[in-house]
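# Survey of secondary and tertiary structure
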Amino acid sequence: MSSLRSFDAFRQFFGGEVDHQFHVDNVVDSTLLINLDLMINMPCKFIHTNVQDNTDDRFLASELLKYEGFRFFIPPSYKLNDHNSIETPDLDEIMAEGIVAQFQDRGDSKDSIAPACHIYGTIPVNKVSGDLHFTAKGYGYRDFDRTRLGVEQLNFTHIINEFSFGEFYPYIHNPLDATAQVTEENLQSYEYYLNVVPTLYKKLGVEIKTNQYSVSLQKKLYSWENRGVPGIFLKYDFDPINLVVEDKRISFFNFIIRLATIYGGIIVTARWGYKLLDKTLILLFGKKFASRGEEKLAGLLDDNEDERK
Ligand SMILES: *[C@@H]1O[C@H](CO)[C@@H](O)[C@H](O)[C@H]1NC(C)=O
C-alpha cells in the first residue's frame, strides 16, 4: 500500500517528545474542501478546469473558482522546480498557525487578455481519490480540436500559493505552498500525486484538525503526434487512517510565550506577506490578535501577570 510510505514520512518527522498515534479513520466525512490558489502562465480564456473522482461525479470546478488576469511572476522566496523534500509542520507550528480563515470573493472578473491567470477559491470534493486538472482548451481528453489554440500558445509554467484540504488555515505551510515550476516546452504535463492523511493536533485542550499530505511530482513531455494531454494534474488520495499528534508535557507558561512570539510574527506577515497581498482573507480571530500584536510580546505577558495579582 502506497500509504505506508507516507506514514513513514510523517513518522520520521515527529521526533521523540511528541506522541503520535495512528487510528483507523472511522469518521465518515463524505465531502471536504480543496483550498487552492495558483497562477498559470496562460490567459484565463485558454484554461479548462475539471475535477473527476471515482464516484464519477464530474463537474466543472471552474464555476466555483475565481479567475483573474495577471502578469506572471515568481516571488523570490518560492521553491523552484523542486518537490523532493516533504515538509510537514510540527505540533507547535500548527498550534500557532491553526487559524481558520475564508477566501474572500473579491468579485474579480475574468480578464481574458492578461498573459497569465490567477485561479483561487475552494471547491468541495468527495473524500475519495480524485483528480483536479487544468488543461488547455482543445487539448482535453475528448476534445482534440487543436486548431483553436496553437501549440506555441501553451505554457504550463505555474506557481502554487496555496494547496490544502479541509479547513483553510492560511498560516499552515503545506508541501505545495510557495512552489513554482517553469517549463520551456509547450506540451508539458505536471502530475502531482498527493497522499492525504487526516491529522489531529492536540495540545492543552486545543484541537486542530488538519489534512496533511505528502506529494510527489511526475513531469511528462508530449509531442504533437502522441496526443497526450498537457496540463497540471493534481491527483489526490485519502489514507483510511488518522494521525493524532499530541503533546501533554509542555508547561502552560512556555506555551503562552510560544504563542505570543509567533502571533507577534503573524502581524507582520499579515501586513507584508506575499500570500496575503495576493489573496484577501477574513481572519476569524483576526481583530483580536491584530490588536494584541500592536502591544508586542509584553502585552500578553502583562495580561498574565494581571491575572495573578
Ligand atoms: C513559459 O513562461 C516562462 C516564464 O515566463 C518562460 O520562462 C518559459 O520559457 C515559457 N515556456 C514556453 C514554452 O513558452
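Just above sits the structure.
Criteria and cut-off values
Within every chain, residues take consecutive numbers counted from 1 along the sequence as written. Whole-chain, interface and lining totals are the exception, using all residues; otherwise, since this is a predicted model, local features are given only for residues with pLDDT of at least 70 and side-chain atom pairs are given and counted only at 80 or more. With hydrogens and water set aside, each side-chain value is computed from the structure's full complement of heavy atoms. Numbering goes from the N terminus for both helices and strands, where a helix is a DSSP run of H or I of at least four residues and a strand is a run of E of at least two. The cut-offs for exposure are 20% and 50% of the maximum accessible area for each residue type, with area from a 1.4 Å probe on protein chains only; residues under the lower value are buried, those over the upper are exposed, and the others partly exposed. Whether two aromatic rings pair depends on their centres lying within 6.5 Å, for rings of Phe, Tyr and Trp, where Trp uses its six-membered ring; planes under 30 degrees apart make the pair stacked, over 60 edge-to-face, and the rest tilted. Here a cavity means grid points, on a 1 Å grid over the protein atoms only, where a 1.4 Å probe fits yet cannot get out; a pocket means an open set of points with protein on both sides within 12 Å along at least five of seven lines; lining residues are those with an atom within 4 Å of a point. Grid points are joined across faces, edges and corners, and a volume is the space filled by probe spheres set on the points. All residues other than Ala, Val, Leu, Ile, Met, Phe, Trp, Tyr, Cys, Pro, Asp, Glu, Lys and Arg, Gly among them, are scored as polar; the first ten of these are nonpolar and the last four charged.

Moving on, we get to the environment of Arg71. Looking at where Arg71 falls in the secondary structure, it is placed in the loop between strand 5 (66–70) and strand 6 (79–80). Exposure remark for Arg71: the relative accessible area of 67% places this residue in the exposed category.

A few words on the packing of aromatic side chains. Evaluated as defined, the whole model comprises 6 aromatic pairs. For the ring pair Phe165 and Tyr213, a centre distance of 5.7 Å and an interplane angle of 85° mean the geometry is edge-to-face. One end of the pair, Phe165, is in strand 10 (residues 158–165); the other, Tyr213, is in strand 13 (residues 206–221), with 48 residues separating them in the sequence. No difference in accessibility class separates Phe165 from Tyr213, as the two residues are buried. Centroid distance Tyr236 to Phe238: 6.0 Å. Interplanar angle 70°. Geometry classified as edge-to-face.

Under the definition given, this model contains 1 cavity of 30 Å³ or more. Reported here for the largest cavity is a volume of approximately 80 Å³. As for the largest cavity, its lining consists of Glu162, Ser164, Phe165, Glu167, Tyr169, Ile172, Asn174, Thr210, Asn211 and Gln212. Residues belonging to the lining of the largest cavity are distributed by class as follows: 3 nonpolar, 5 polar and 2 charged.

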